[in-house]
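Structural characterization, general
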Protein chains: 2
Amino acid sequence: MSPSLVANGDLTPVTSGAVKGRVASVYSEVQTSRIDHALPLPSVLKKPFKIVDGPRSSAAGNPDEIAKLFPNLFGQPSAMLVPNNVNTLPADQKLKIGVVLSGGQAPGGHNVICGIYDYLQDRAKGSVLYGFRGGPAGIMKCKYIELTSDYIYPYRNQGGFDMICSGRDKIETPEQFKQAEETALQLDLDGLLVIGGDDSNTNACLLAENFRSKNLKTRVIGCPKTIDGDLKCKEVPASFGFDTACKIYAEMIGNVMIDARSTGKYYHFVRLMGRAASHITLECALQTHPNVTIIGEEVAAKKQTLKNVTDYIVDVVCKRAALGYNYGVILIPEGLIDFIPEVQHLISELNEILANEVVDEAGLWKKKLATQSLQLFEFLPQAIQEQLMLERDPHGNVQVAKIETEKMLIQMVETELEKRRQEGAYKGEFRGQSHFFGYEGRCGLPTNFDASYCYALGYAAGALLHSGKTGLISSVGNLAAPVEEWTVGGTALTSLMDVERRHGKFKPVIKKAMVELDGAPFKKFASMRDEWATKNRYISPGPIQFTGPTSTAVNHTLLLELGAQV
Amino acid sequence: MSPSLVANGDLTPVTSGAVKGRVASVYSEVQTSRIDHALPLPSVLKKPFKIVDGPRSSAAGNPDEIAKLFPNLFGQPSAMLVPNNVNTLPADQKLKIGVVLSGGQAPGGHNVICGIYDYLQDRAKGSVLYGFRGGPAGIMKCKYIELTSDYIYPYRNQGGFDMICSGRDKIETPEQFKQAEETALQLDLDGLLVIGGDDSNTNACLLAENFRSKNLKTRVIGCPKTIDGDLKCKEVPASFGFDTACKIYAEMIGNVMIDARSTGKYYHFVRLMGRAASHITLECALQTHPNVTIIGEEVAAKKQTLKNVTDYIVDVVCKRAALGYNYGVILIPEGLIDFIPEVQHLISELNEILANEVVDEAGLWKKKLATQSLQLFEFLPQAIQEQLMLERDPHGNVQVAKIETEKMLIQMVETELEKRRQEGAYKGEFRGQSHFFGYEGRCGLPTNFDASYCYALGYAAGALLHSGKTGLISSVGNLAAPVEEWTVGGTALTSLMDVERRHGKFKPVIKKAMVELDGAPFKKFASMRDEWATKNRYISPGPIQFTGPTSTAVNHTLLLELGAQV
């Protein structure tokens, strides 16, 4: 494809199965410049290699139950690619491989696909790569396109998942597994690459188990994707997209910090995407040094109440006011409310009451609430009370996700500050500004780190499928070193699993990796937050740079977890 | 200052009058790399020059009234710097100059200060530069610091106004003018540079007139600052900060577009900063090609109602649904409501009623509303109705600024779509997501354009003050050309002025430059918006790059206004 086509827009891939999207797009100069950014490969992938199996694996918990759920796969060793004199995989084997994007977007997804495509071109010439469209539903409905060089080209190093789009369907029921089998047979698939988060990788493993139990030749490999950063373990040190998303949010937070310091009159409450775990909030704090950072896992571990959280913020605001600072920046994880036990109690009581009782104007219904829940309810700002009472999902449940936690906290802080003012303990001025940074970060142009990491993950997945592996998750390690020195392999998905009891049955789950309160990133943060609270150590990371000395930086969380001193 | 100090944080300027702020800061790698970014100067500023006066000037309107308000300054010629064999200004003149930042922040403000500082170092060695702290209040209270090389250094090419901070006070009353005179006398000021928007530059001119009428030697030069882009004219083709702010917003919009296309299920309603004029929204549209863009000036010119605006959006949503697109991106200027006459009527009627009448539960009070206002009120979503009734400023007025227009429009679009669904005219699915991009853009690291433009504006202001000019606004032109070819001069502030009648008196005002419906940027947009509405021509500009081929791009508005075809 000639560069002029790219520069002038109207990228028209040669293939007929074109996705409506980039086809009709024009590209910005930065997007165009990224397409031809050369992707480095770990040196082991550049030369002949062989695949070496490790010892027999177990499970993250309840190995007996996992063994029952995965009779064909349990105990599989992990695999490691090591340099070899000759290639051990047949270069003339023509593979038929499918790839699917599952769940929310994360920067770098397109590069995983580029990686496996290039592997097949380089090492199994004549192979075919199918992209299932719209997520796992594409597998079940056999909706796919054949991915060609021309088709893939404009998506190299680009954000988004729009090359084949994603979806949140799951392959769960016997009928759905049957549909997946039919697709595998119809396309004569040798392998399937599932790019997704913890749920999707659990699903990938179930699919691998199912295909094997039916004696299908189709292997399944997973790939760790989520901006939330909560799919990781020793062998899989990071999920892709986290690096880019955090840097985009940190750019905005840094700007808001400079704004806060320049105007000197606003407290910016920034809610950050990441419902289950607070990794994004923690990483953004390490990058920018806000005055207050709430980490959900700490709130839960300390069994803090909403009043505790409010008081902590108010204490900092008062201390700062005494120092002459009536401004600040406060980071809040999207999932904060989910971490507070009393809020969970209140919500389940409300769900019960609203389903069965008449809610009278006079408020007699409130007598049905437990004392602690009533106290909390009365403590909440009126707007939040109304939201809890009025906005319900189709099942009649309170929609926690719709609560704008940052606005709620602003109101609660205002109320508490007013009380302290009455008591003479606060003489400052407080004006809150709320922000939510979420969608902006999921689809940005991937950083050089995410671009390279994803390319290696995809390329490695190609090697694993080529060698006949199944039920592994593509694993690229030694990430603090230059790309050449990265290690490459696959980790048994069953080794990441535990079980949860649902509806009386054991279900396999890959446990979400939460922020560890004794992990290096949290400890680093905890050792500095008091200084940040009052001393304004703001850092403004600025926009992501794709060239120059700052373009190869890696996020703090990963470096700290890998043992670096940052 | 050694680079290691910067890299390790704890920048401690040598001067004693240190602003609490960057002093205690640590810098990100990108911030550090920007400090030493070399700032190019227009060639006329690099060699000996002389200042040539143009013809006598007039006013933008009502020249007779402007002449009365500015008896000493009216009619002043504009000034142009032209190359000369020798310098005509005395290099040994030791000047005492003050500088002040006024109003909201805009990326590049620090570089204006660096520019005038470097001018004095280069061309009037031994001069002193005072920075008035916290805006015009700093002048009135004589709160200042002496700016030194060490002090200024860490702020080079950095965002924010925190070097000396800003403020929104105005020098208006005779007492305040007296205070300003006292400061000028106390510091023995030869000149004052006022960096601000339309109001601040009007104020600068009044100060210049006042100093001259009192025979003070203090000259006053203005500098065009505002991210809103509404302070510009032929001689002053752009206000600084607009370029950076728009690029930051466009980065986020572009990301959200890729997200919209990848998930295929959200309509993102993005409200953009810019209350008075819709330049930012228009520029962001030109950079990113959204499906719908509302331009306030067009809404006002066509006397559109809120229902018209809603219907326009709904029409696009329906057309897109018919094409299979249940997603999109919609840009809305912050000031939309101010452009809609019927909303203004409703609000003034509500202010009247709420001040004087009892608002009864049964709604009898609504009979006091004019028919059109009542219709509009009933058309508004309930949450907005409540906001209008409940949230008042200290004067008891409805707080229009607090209305989240993007959320209001989402609700109105939902309601209208439901109606069309009932009528069988719409079969799609609609889920709105709201965004407000504002504070994130005001304090970002300035683009190379804003960095160079501001440096030239500041350097030019030094030359104008050195040559004894007063009542001019620093003017740098030919901005589509390379920096070397930029023209440099000063424009009579009175020539930008008209009068407005307030409280029975004529007040001078620099008219805000609104989006011109027959101007090149709007016409370009208007010629393409129908295509963008249905055809998904999304562009994702990506993060601002400071090096490489994309780092010197200039915004579309400026280029189109300068006659370029982009």
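What you are looking at is a predicted structure, and each value in this text was computed from that prediction instead of being measured.

1. Topic: the overall build of chain A
Assigned secondary structure in chain A consists of 21 helices and 16 strands. In summary, chain A has a C-alpha radius of gyration of 25 Å against a globular reference of 24 Å for 566 residues, a match within 12%. Taken along the three principal axes of its C-alpha coordinates, chain A extends 80 × 55 × 45 Å. Within chain A, the fraction of its 566 residues that count as buried is 61%. A fraction of 78% describes how many contacts in chain A between residues 6 or more apart in sequence connect residues 24 or more apart. Within chain A, the 63 negative side-chain charges are centred at a point lying 3 Å from the centre of the 60 positive side-chain charges.

2. Some thoughts on the relation of the copies chain B and chain A
By a simple turn and slide, chain B fits onto chain A: the slide is 0.0 Å along the axis, the RMSD is 0.1 Å, and the turn is 180°. Both copies of the chain, as the preceding transformation shows, are related through a two-fold rotation axis. When the interface residues of chain B are mapped onto chain A, 100% of them are again interface residues, pointing to one common binding face.

3. Some words on the environment of B:Leu216
Residue and element names in this part refer to chain B. Within the secondary structure layout, Leu 216 lies in the loop between helix H9 (198-213) and strand S7 (219-224). Counting along the chain gives 87 residues from Leu 216 to Lys 303, while the straight-line C-alpha distance between them is 49 Å. Residues in contact with Leu 216, not counting those within four places in the same chain, are Glu 181, Ala 184, Leu 185 and Phe 211.

4. Looking at the sheet that holds strand S10 (residues 292-293) of chain A
Residues and elements named next belong to chain A. If you trace the four strands from one edge of the open sheet to the other, you get S10-S11-S9-S12, paired in parallel fashion. Because the sheet does not close on itself, it has two edges, and the strands there are S10 and strand S12 (432-437). In this structure, strand S9 (residues 267-272) lies alongside strand S11 (residues 328-333), joined through six bridges in parallel fashion. Among the inter-strand pairings, Leu 272 is bridged to a residue of S11, identified as Pro 333. The sheet strands contacting helix H11 (residues 279-288) are S9, S10 and S11, and the helix crosses S11 at an angle near 155°. Sitting on the sheet, helix H17 (residues 405-422) is in contact with S9, S11 and S12, with an inclination near 160° to S12.

5. Observations regarding the sheet that holds strand S8 (residues 267-272) of chain B
Residue and element names in this part refer to chain B. The strand order across the open sheet formed by four strands is S9-S10-S8-S11, and the pairing between neighbours is parallel. The sheet is open, and its two edges are formed by strand S9 (292-293) and strand S11 (432-437), each paired on a single side. The pairing of S9 with strand S10 (residues 328-333) spans two bridges and is classified as parallel. When the bridges of S10 are listed, Val 292 appears paired with Ile 330. Sheet strands touched by helix H11 (residues 279-288): S8, S9 and S10. Its angle to S10, the strand with the most contacts, is close to 155°.

6. A look at the pairing of strand S2 (residues 79-83) of chain B
All names here are of chain B. Strand direction decides the pairing type here: strand S1 (residues 49-53) and S2, joined by five bridges, are antiparallel. Its bridge partner lying in S2, Val 52 is registered against Met 80. The sheet contact formed by S2 and strand S13 (residues 487-492) spans two bridges and is antiparallel. For Ala 79, the partnering residue across the bridge sits in S13 and is Gly 490.

7. Some points on helix H16 (residues 382-390) of chain B
Within the span of H16(B), buried status applies to B:Ile384, B:Gln385, B:Gln387, B:Leu388 and B:Met389. The secondary structure elements touched by the buried residues of H16(B) are helix H14 (341-356), helix H15 (371-379) and helix H17 (405-422) of chain B.

8. Regarding the interface of chain B and chain A
Listed as interface residues are 64 residues of chain B and, on the opposing side, 64 residues of chain A. For the pair chain B and chain A, the summed buried area comes to about 4,900 Å², and 51% of that belongs to carbon and sulfur atoms. Ranking the residues of chain B by area buried against chain A places B:Arg261, B:Tyr439 and B:Glu440 at the top, with a combined share of 13%. Across the chain B-chain A interface, the total number found is six salt bridges. The residue A:Glu404 makes a salt bridge to B:Lys407 at a minimum N-O spacing of 2.6 Å.

9. Let's talk about the pattern of salt bridges
For the structure on display, the rule yields 64 salt bridges over all chains. Residue A:Glu531 is joined to A:Arg537 by a salt bridge in which the shortest nitrogen-to-oxygen separation is 2.6 Å. Using a relative accessible area of 33% as the deciding quantity, one classes A:Glu531 as partly exposed. A:Arg537 sits in the buried class, given a relative accessible area of 14%. A salt bridge links B:Arg420 to B:Asp311; its shortest N-O distance comes to 3.8 Å. Linking B:Arg420 in helix H17 with B:Asp311 in helix H13 (residues 306-322), this pair joins segments that are 109 residues apart in sequence.

10. A look at unusual backbone geometry
A positive phi angle is found at A:Cys165, which is not glycine, with a value near 60°. With respect to the helices and strands, the residue A:Cys165 is situated in the loop between helix H7 (149-152) and strand S6 (166-167).

11. Looking at the pairing of strand S13 (residues 472-477) of chain A
Residues and elements named next belong to chain A. With six of its six residues buried, S13 lies for the most part within the structure. Burial of the side chains of S13 extends over both faces: Leu 472, Ser 474 and Val 476 are buried on one face and Ile 473, Ser 475 and Gly 477 on the other. The pairing of strand S8 (residues 219-224) with S13 spans two bridges and is parallel. Opposite Ile 221, over in S13, you have Leu 472 as the bridge partner. When S13 meets strand S14 (residues 487-492), the two strands line up antiparallel, connected through six bridges. Bridging across to S14, Val 476 finds its partner in Val 488.

12. Structural notes on the environment of B:Ala285
Residues and elements named next belong to chain B. Its place among the elements puts Ala 285 in helix H11. We classify Ala 285 as buried; its relative accessible area is 0%. Sequence separation between Ala 285 and His 556 is 271 residues; the distance between their C-alpha atoms is 9.8 Å. Not counting the four nearest positions on each side in its chain, Ala 285 is found in contact with Pro 290, Thr 293, Leu 331, Phe 525 and Trp 532.

13. Quick word on the packing of aromatic side chains
The geometry of two aromatic rings is summed up by the distance between their centres and the angle between their planes. Taken as a whole and assessed by the stated rule, the structure comprises 28 aromatic pairs over all chains. Each ring, one from A:Tyr130 and one from A:Tyr144, has its centre 5.1 Å from the other, and the planes form 80°; the classification is edge-to-face. On the criterion of sequence distance, the pair formed by A:Tyr130 in strand S4 (residues 128-132) and A:Tyr144 in strand S5 (residues 144-147) is long-range, its members being 14 residues apart. Geometry around B:Phe436 places B:Arg271 over its ring, the cationic atom sitting 4.1 Å from the centre.

14. Things to note about the environment of B:Glu172
By the element assignment, B:Glu172 lies in the loop between helix H7 (149-152) and helix H8 (174-186). C-alpha of B:Glu172 to C-alpha of B:Thr293: the two residues are 121 residues apart in sequence and 38 Å apart in space.

15. Topic: the confidence of the model for chain A
All names here are of chain A. Confidence in the prediction for chain A averages 92 pLDDT; 95% of positions are at 70 or higher. Of the regions scoring below 50 in pLDDT, residues 1-21 engages in 48 contacts with residues more than four places distant in sequence or in other chains. The ipTM for the predicted assembly is 0.93, set against a pTM of 0.94.

16. Describing the state of the cysteines
Following the criterion strictly, the structure yields zero disulfides over all chains and no others. This cysteine, A:Cys142, is not joined by any disulfide, and A:Cys165 carries the nearest cysteine sulfur, 17 Å off. Of all cysteine sulfurs, the one in B:Cys246 lies closest to B:Cys284, which takes part in no disulfide; the gap is 4.7 Å.

17. Topic: the side chain of A:Gln433
Relative to the helices and strands, A:Gln433 resides in strand S12. For A:Gln433, the side chain forms a polar contact with the side chain of B:Tyr439, separated by 2.7 Å.

Reading the values: rules and limits
- Residues numbered from 1 in each chain as written.
- Chains lettered and ligands numbered in written order.
- Predicted model: local features only at pLDDT ≥ 70, side-chain atom pairs only at ≥ 80, totals over all residues.
- Heavy atoms only, no water.
- Helix = DSSP H or I, 4+ residues; strand = E, 2+ residues; numbered from the N terminus.
- Rg over C-alpha atoms; globule rule 2.2 N^0.38 Å.
- Buried < 20%, exposed > 50% of the residue type's maximum accessible area, 1.4 Å probe, protein only.
- Contact = heavy atoms within 4.5 Å.
- Lys, Arg positive; Asp, Glu negative; His and termini not counted.
- Charge placed at Lys NZ, Arg CZ, Asp CG, Glu CD.
- Least-squares fit on C-alpha atoms with pLDDT ≥ 70 in both.
- Pairing = 2+ DSSP bridges.
- Axes fitted to C-alpha atoms, helices over the stretch in contact; angles between N-to-C directions.
- Buried area = accessible area lost by both parts, 1.4 Å probe.
- Salt bridge = Lys/Arg side-chain N within 4 Å of Asp/Glu carboxyl O.
- Phe/Tyr/Trp six-rings, centres within 6.5 Å; stacked < 30°, edge-to-face > 60°.
- Lys NZ or Arg CZ within 6 Å of the ring centre and 35° of its normal.
- pLDDT = per-residue confidence, 0-100.
- Disulfide = S-S within 2.5 Å.
- Polar contact = N/O pair within 3.5 Å; in protein donor to acceptor, adjacent residues only side chain to side chain.

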